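A look at the structure
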Amino acid sequence: MTTQVTLTQFIIEQQRSMPGASGDFTSLLNDIVTACKRISHMVNRGALIGVLGSAETENVQGETQKKLDIITNDIMVEALEWTGHLAGMASEEIDDPIDIPAQYPKGKYLALFDPLDGSSNIDVNLTVGTIFSILRAREGIAASVEDFLQKGTDQVCAGFVLYGPSTMMILTTGHGVNGFTLDQDVGEFILTHPDMRIPEKTNEFAINMSNRRFWEEPVRRYVDELMEGEDGPRGENFNMRWVASMVAEVYRILTRGGIFMYPFDTRDPSKPGKLRLMYEANPMGFIVEQAGGAASTGRERILDVKPEDIHQRVPVILGSKNEVEHVVSYHQDSE
Ligand code: AHG
Ligand code: MN
Ligand code: MN
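Reading the values: the criteria
- Here the residue index of a chain counts from 1 through its sequence in written order.
- For naming, the first written chain is A and the first written ligand is 1, with later ones following in the order written.
- Where local features are concerned, this predicted model is filtered to residues with pLDDT of at least 70; where side-chain atom pairs are given and counted, the filter is 80 or more; whole-chain, interface and lining totals use all residues.
- Only heavy atoms go into the side-chain values, all of them from the structure, while hydrogens and water stay out.
- Buried residues of nine kinds, namely Ala, Val, Leu, Ile, Met, Phe, Trp, Tyr and Cys, make up a nonpolar core once their side-chain atoms join them within 4.5 Å.
- Throughout this description, buried means an accessible area under 20% of the type-specific maximum (1.4 Å probe, protein chains only), exposed means over 50%, and partly exposed covers the range between.
- Domains are outlined according to an automatic or database domain assignment.
- Contacts: residue pairs with any heavy atoms within 4.5 Å of one another.
- Sulfur atoms of two cysteines make up a disulfide when they are within 2.5 Å.
- Think of it this way: DSSP has to see at least two bridges between two strands before they count as a pair.
- Where helices and strands are cited, they refer to DSSP runs of H or I of at least four residues and of E of at least two residues respectively, numbered from the N terminus.
- A fitted line through C-alpha atoms serves as each axis, taken over the contacting stretch for helices, and the angle formed by two N-to-C directions is quoted from 0 to 180°.
- Here a donor is an N, O or S atom found within 2.8 Å of the metal, or within 3.2 Å if the metal is Na, K or Ca; sites may look incomplete because water is not among the atoms.

Next up on the list: the nonpolar core. Where a protein is soluble and globular, its nonpolar side chains tend to be buried together. Residues F160, I170, L254, F260, M284, V316 and L318 are the most contacted members of the largest nonpolar core, which totals 44 residues. Shared between two domains, this core holds at least three residues of each, these being domain 1 (7-193) and domain 2 (204-334). Discounting chain neighbours no more than four positions away, the residues touching L254 are F160, I170, M196, R197, I198, P199, I287 and A291. Core analysis: the second largest hydrophobic core is formed by 40 residues, V51, L80, M89 and V161 among them.

See below:
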């Protein structure tokens, strides 16, 4: 029988190799795992327990919330607020940072999350996920908004859980990227995809083509050249995918390469991109870089963006390094 490495064992062993590590982080990660197992169960039960459909409410982004956006947010908050490891939380679904209730101790980390990514896909039974990012806090002090406004390079850990045919957790603590599959019978995440690397050569791209008329010239130029295939300047054919769940898109890129773009567009001048820096772009950017890929806004490395607002949106171009650099070079050409 082959030995199976659980996520807990993996993290504890990683922690042992770090001098001075206290075990707090391992414990925090375990609490996130518990929350995600609960979410996995809810998402899986779906219509059987009446959790599908719209909640008829709006979040701070002006997006109509699904019932599961709210339920999954509450699961994350309830699983993390009492633990003593956090000084505060921030969620895509909640306007202001979430305080740790007064009766609980405040810890040395901050957790930021998109509790349900791809929620437009929940009612059509496609893959959705939870994305999270861990930052350091001023220990023992309730976090202020400013405490959250750290660059992506400051992340201690980032990960996402995919609720697809299998439930999987993808994780980085800055030492590569590892993938774990939930064994539903045993209730443990098992290391199934050690040291994930994004293939350099790729012929697949992901972008919502219906927004083409709103893109800037460099993105239009790049995508048009891919579409021209063997007859165009690239001299080869490209394939396109768009799941509309960033978690599924990034997982595909981690396994078989490709480029994902939600670029700047001119639809709404108040939104320079659709995806959120703190809950989507930074954690995914960290993971993609750790797997040998790249993540850019087109003009700046995502992890170097200085956040100004916890709900800030940024253009996102990430995936196989060569292709991301290609798009970035077209931005440079146009400036
Ligand atoms: P969320 O469900 O958390 O709001 O995020 C959805 C995001 C992302 O996962 C996906 O890549 C993108 O929105 C899809 O956008 P379109 O519907 O505009 O294609
Ligand atoms: Mn999302
Ligand atoms: Mn979401």
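Here the narrative resumes.
This paragraph deals with the state of the cysteines. A covalent bond between the sulfur atoms of two cysteines is what we call a disulfide. The tally for this structure, following the rule as stated, stands at zero disulfides. Looking at C36, it has no disulfide partner, and the nearest cysteine sulfur is the one in C157, 11 Å off. In this structure C36 comes out as buried when scored by relative accessible area, which is 0%.

Further remarks concern the sheet that holds strand β9 (residues 188-193). Strands in a sheet are paired, the pairing made by backbone hydrogen bonds, and the direction either parallel or antiparallel. Reading across the sheet, the seven strands line up as β3-β4-β5-β6-β7-β8-β9 and stay open at both edges, with mixed pairing between neighbours. Of all strands in the sheet, those bounded by a partner on one side alone are β3 (86-91) and β9. In this sheet, neighbouring strand axes are inclined to one another by 20 degrees on average, regardless of whether the strands run parallel or antiparallel. Sheet analysis places strand β5 (residues 128-136) next to strand β6 (residues 157-163), joined by seven bridges and oriented antiparallel. Within β6, the residue paired with F132 across the bridge is G159.

Right, let's talk about the coordination of the manganese ion (ligand 3) for a bit. Each protein donor to the manganese ion (ligand 3) is listed here as E92 (OE), D114 (OD) and L116 (O); together their distances run 2.2 to 2.3 Å. Within one chain, the residues donating to the manganese ion (ligand 3) are spaced in sequence as E-x21-D-x1-L.

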